[in-house]
Amino acid sequence: MSRERAQRRADREQVVALAQREREHRAARAQRRRAVKAAWRARLPRRTRWRGQQGILARRRRMQNTVIFGLYLTVQAIVWLLTSDPWVRVASGLLGVLALPVLVTLTLDRRTRP
């Protein structure tokens, strides 16, 4: 009876020792991975966080720019659907790009008008 208990205890201790070795192996691997990542991070330039303005005016400006871009794409899509001549399509794209700042200035000018 005592031999069986000793054998079971030895088996339990062996299982515990294997589990402990496995945990140590995983911890060592994780430590090596962290060291490699830290070394790479030290060599690479720091990444700066880019975040846009969050105020009311910035949101309004983003909305206006979205609407303007959407209207430009809509006009270009209509031109592409109505004409098959590539020169007309290119000309309308260039004309739109050149006329867009003027139209935006005329329609969204925030200065007071007399």
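## Description of the overall build of the chain
Part 1: What the chain contains, in helices and strands, is 3 helices and 0 strands.
Part 2: Listing every helix and strand of the chain by position from the N terminus yields α-α-α.
Part 3: Rg of the C-alpha trace for the chain: 34 Å, well past the compact-globule value of 13 Å for 114 residues, more than 25% over.
Part 4: Across its three principal directions, the C-alpha atoms of the chain cover 105 × 45 × 30 Å.
Part 5: Across the 114 residues that make up the chain, the buried fraction comes to 9%.
Part 6: On the chain, roughly 11,100 Å² of surface is accessible, and the fraction owed to carbon and sulfur atoms is 63%.
Part 7: Counting 27 positive and 7 negative side-chain charges, the chain places the averaged centre of each group 13 Å from the other.

## Side note on the environment of Asp109
Part 1: Along the chain, the position of Asp109 falls in the segment after α3 (86-108).
Part 2: Asp109 sits in the partly exposed class, given a relative accessible area of 28%.
Part 3: With 90 residues separating them along the chain, Asp109 and Ala19 place their C-alpha atoms 72 Å apart.

## Focus: the environment of Leu103
Part 1: Of note, Leu103 is situated in helix α3.
Part 2: When the C-alpha atoms of Leu103 and Tyr72 are compared, they prove to be 11 Å apart, with 31 residues separating the residues in sequence.

## Looking at the packing of helix α2 (residues 56-82) against α3
Part 1: Put simply, α2 and α3 touch, their axes get as near as 11 Å, and they point 150 degrees apart. On the basis of their axis angle, the class for α2 and α3 is roughly antiparallel. Here α2 runs over α3; the crossing is right-handed. Residue-level inspection shows Gln64, Ile68, Tyr72, Gln76, Val79 and Trp80 of α2 in contact with α3, the latter providing Arg89, Ser92, Gly93, Gly96, Val97, Leu100, Val104 and Leu108.

## Concerning α3
Part 1: With 23 residues, α3 extends 32 Å from end C-alpha to end C-alpha; this agrees with the ideal 33 Å at 1.5 Å per step.
Part 2: By the burial criterion, the buried members of α3 are Ser92, Gly93 and Gly96.

## Some words on a positive patch on the surface
Part 1: On the surface, Arg29, Arg32, Arg33, Arg34, Lys37 and Arg41 cluster together to form a positively charged patch.
Part 2: If you trace the backbone, Arg41 turns up in helix α1 (residues 2-43).

## Considering α2
Part 1: Here α2 spans 39 Å end to end across 27 residues, near enough to the 39 Å set by a 1.5 Å rise per residue.
Part 2: The complete set of buried residues in α2 reads Ala58, Gln64, Ile68, Tyr72, Gln76 and Val79.
Part 3: Buried residues along α2 sit in contact with α3.

Rules and cut-offs
Residues numbered from 1 in each chain as written. Predicted model: local features only at pLDDT ≥ 70, side-chain atom pairs only at ≥ 80, totals over all residues. Heavy atoms only, no water. Helix = DSSP H or I, 4+ residues; strand = E, 2+ residues; numbered from the N terminus. Rg over C-alpha atoms; globule rule 2.2 N^0.38 Å. Buried < 20%, exposed > 50% of the residue type's maximum accessible area, 1.4 Å probe, protein only. Areas by Shrake-Rupley, 256 points an atom, 1.4 Å probe, with all protein chains shown as cover. Lys, Arg positive; Asp, Glu negative; His and termini not counted. Charge placed at Lys NZ, Arg CZ, Asp CG, Glu CD. Axes fitted to C-alpha atoms, helices over the stretch in contact; angles between N-to-C directions. Parallel < 35°, antiparallel > 145°, perpendicular 65-115°, else oblique. Left-handed = near helix turned anticlockwise from the far one by under 90°. Contact = heavy atoms within 4.5 Å. Expected span 1.5 Å × (residues − 1). Patch = residues over 30% accessible without salt bridge, like charges linked within 9 Å, V, L, I, M, F, W, Y side chains within 5 Å. Salt bridge = Lys/Arg side-chain N within 4 Å of Asp/Glu carboxyl O.

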